[in-house]
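# Coordinates in review
Here's the letter readout for the chains.
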Amino acid sequence: MTVLKPIRLVLLGAPGSGKGTLTSRLLKNVPQLSAISTGDLLRNEIAKKSEIGSVASGYIKKGQLLPDKFMAELVSSELGNRQWLNNKASFLLDGFPRTINQATELDKSLQTHDANINLVVELNVPPEVILQRISNRWVHQPSGRVYNLQYSPPKVPFKDDVTGEPLIQRPDDNPETFKVRLDGYFKQLEPLKEFYQKKGVFDVVSGETSDIVFPKLLEVVEKKFS
Ligand SMILES: Nc1nc2c(ncn2[C@@H]2O[C@H](COP(=O)(O)OP(=O)(O)O)[C@@H](O)[C@H]2O)c(=O)[nH]1
Ligand SMILES: Nc1ncnc2c1ncn2[C@@H]1O[C@H](COP(=O)(O)OP(=O)(O)O)[C@@H](O)[C@H]1O
């Protein structure tokens, strides 16, 4: 796909809806695009035993969102580090914003660089479908690569396809914590959708599998940017 103008894309989706899966597929199809996944960012900080990681681990274990100001600062410094705060760069945000306050903070920091979000796509996947996926989710924490014992198993059981390193199950993927996350997502969703609908940048793609959702997502992106 040839990109005619910078893509600044937010993927909205419940935990387990396929944000990580669809992001990696999209990046393969749109080489100009790179992504920030806030979940991966935080897990890497936890693995590094950094200050940020020590703050994050408590919230993540309980399935609670981290404070808006904390996340907004983390993401805007990451955007700066990657030199994306300009009107030429393309990027995808996976897992941010998740609240209306985060969205307004993001808006403030982007508009000063003439780099406003120009597409927000909600991944609309039925919750009951999502719940089945999570028990089979295994991840390669250092890279953020995501596997599923049913849907996309690793070539060697429980080993990352690229590095051969062991896969783990995320501590926040247990049923009770996952329910906290899922409820939290739906609580925040409507104000976020309205915020971006008012800006005329909102779209939604629905489906029960990523194989159904991905072509729809790619079509929305191609229609807008190629
Ligand atoms: N059964 C099934 N699992 C899927 C599908 N798409 C993604 N998954 C798996 O479901 C889990 C959640 O996907 P992920 O991309 O991590 O979602 P995220 O939490 O929104 O980033 C992972 O184990 C994926 O491998 C699908 O269409 N069907
Ligand atoms: N934008 C955010 N605001 C607050 N907390 C966040 C944000 N992004 C990630 N987190 C924290 O990291 C956890 C894992 O995020 P993520 O890997 O994106 O989970 P999922 O994709 O399953 O929703 C979240 O449950 C939350 O505790």
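Residues numbered from 1 in each chain as written. Chains lettered and ligands numbered in written order. Predicted model: local features only at pLDDT ≥ 70, side-chain atom pairs only at ≥ 80, totals over all residues. Heavy atoms only, no water.

## Looking at the site of ligand 1
In plain terms, the rule: Nearness of a residue to a molecule or strand requires only that one of the residue's heavy atoms be within 4 Å of it. Between N or O atoms, a polar contact is any pair within 3.5 Å; within protein, one atom must be a potential hydrogen donor and the other a potential acceptor, and residues adjacent in sequence are included only when both atoms are from side chains. Residue burial considers only the protein chains on display, and all accessible areas are found by Shrake-Rupley using a 1.4 Å probe. Helix numbering and strand numbering both begin at the N terminus, where a helix is a DSSP run of H or I of at least 4 residues and a strand a DSSP run of E of at least 2. Throughout, the ten residues Ala, Val, Leu, Ile, Met, Phe, Trp, Tyr, Cys and Pro are labelled nonpolar, Asp, Glu, Lys and Arg are labelled charged, and all others, Gly among them, are labelled polar.
Around ligand 1, a shell composed of 17 residues is seen, among which G20, T21, R137, Y147 and S210 lie nearest. Measuring from an oxygen atom of ligand 1, one finds a backbone N or O atom of G16 at 2.8 Å. For ligand 1, whose free accessible area comes to 570 Å², the fraction covered by protein is 92%. Secondary structure elements with two or more residues in the shell around ligand 1: α1 (19-29) and β6 (145-148). Of the residues belonging to the shell around ligand 1, the class tally is five nonpolar, nine polar and three charged.

## Let's talk about the environment of P154
As a reminder, the rule being used: Each residue gets one of three labels from its accessible area relative to the maximum for its type: buried under 20%, exposed over 50%, partly exposed in between, using a 1.4 Å probe on protein chains only.
With respect to the helices and strands, the residue P154 is situated in the loop between β6 and α7 (175-198). Relative accessible area serves as the criterion here: at 10%, P154 is assigned to the buried category. Residues P154 and L167, spaced 13 residues apart in sequence, show a C-alpha to C-alpha distance of 9.1 Å.

## Quick word on the site of ligand 2
Near ligand 2 there are 20 residues, and of these R43, Q64, G95, R98 and R181 occur at the shortest range. Within the side chain of T38, an N or O atom sits 2.9 Å from a nitrogen atom of ligand 2. Its free accessible area being 550 Å², ligand 2 has 97% of it covered by the protein chains. Per-element accounting of the shell around ligand 2 gives the leading share, four residues, to helix α2 (residues 38-47). Looking at the shell around ligand 2 residue by residue, the classes come out as seven nonpolar, six polar and seven charged.

## Comments concerning the pattern of salt bridges
Note the cut-off: For this analysis, a salt bridge means a side-chain nitrogen from Lys or Arg found within 4 Å of a carboxyl oxygen belonging to Asp or Glu.
The tally for this structure, following the rule as stated, stands at 16 salt bridges. As a salt-bridge pair, D172 and R181 come within 3.5 Å of each other at their nearest N and O atoms. According to the relative accessible area criterion, D172 is buried, its value standing at 5%. According to the relative accessible area criterion, R181 is buried, its value standing at 13%.

## Here's the deal with the environment of L74
Relative to the helices and strands, L74 is located in helix α4 (residues 68-81). On the basis of relative accessible area, L74 is assigned to the buried category, the value being 10%. For the pair L74 and T38, spaced 36 residues apart in sequence, the C-alpha to C-alpha distance is 8.9 Å.

## Topic: the sheet that holds strand β1 (residues 8-13)
Applied cut-off: By this definition, two strands are paired if DSSP reports at least two bridges between them. Axes here refer to lines fitted to C-alpha atoms; in helices the fit is confined to the stretch in contact. Angles between the N-to-C directions go from 0 to 180 degrees. Between two residues, a contact is recorded if the distance between any of their heavy atoms is within 4.5 Å.
If you trace the five strands from one edge of the open sheet to the other, you get β2-β3-β1-β4-β7, paired in parallel fashion. Since the sheet does not close on itself, it has two edges, and those belong to β2 (35-37) and β7 (202-206), each with one partner. Neighbour-to-neighbour, the strand axes of the sheet open up by a mean angle of 20 degrees, direction not taken into account. Pairing between β2 and strand β3 (residues 91-94): three bridges, direction parallel. Pairing of S37 across the sheet is with D94, part of β3. Seen against the sheet, α2 touches β2 and β3 and runs at an angle of roughly 60 degrees to β2.

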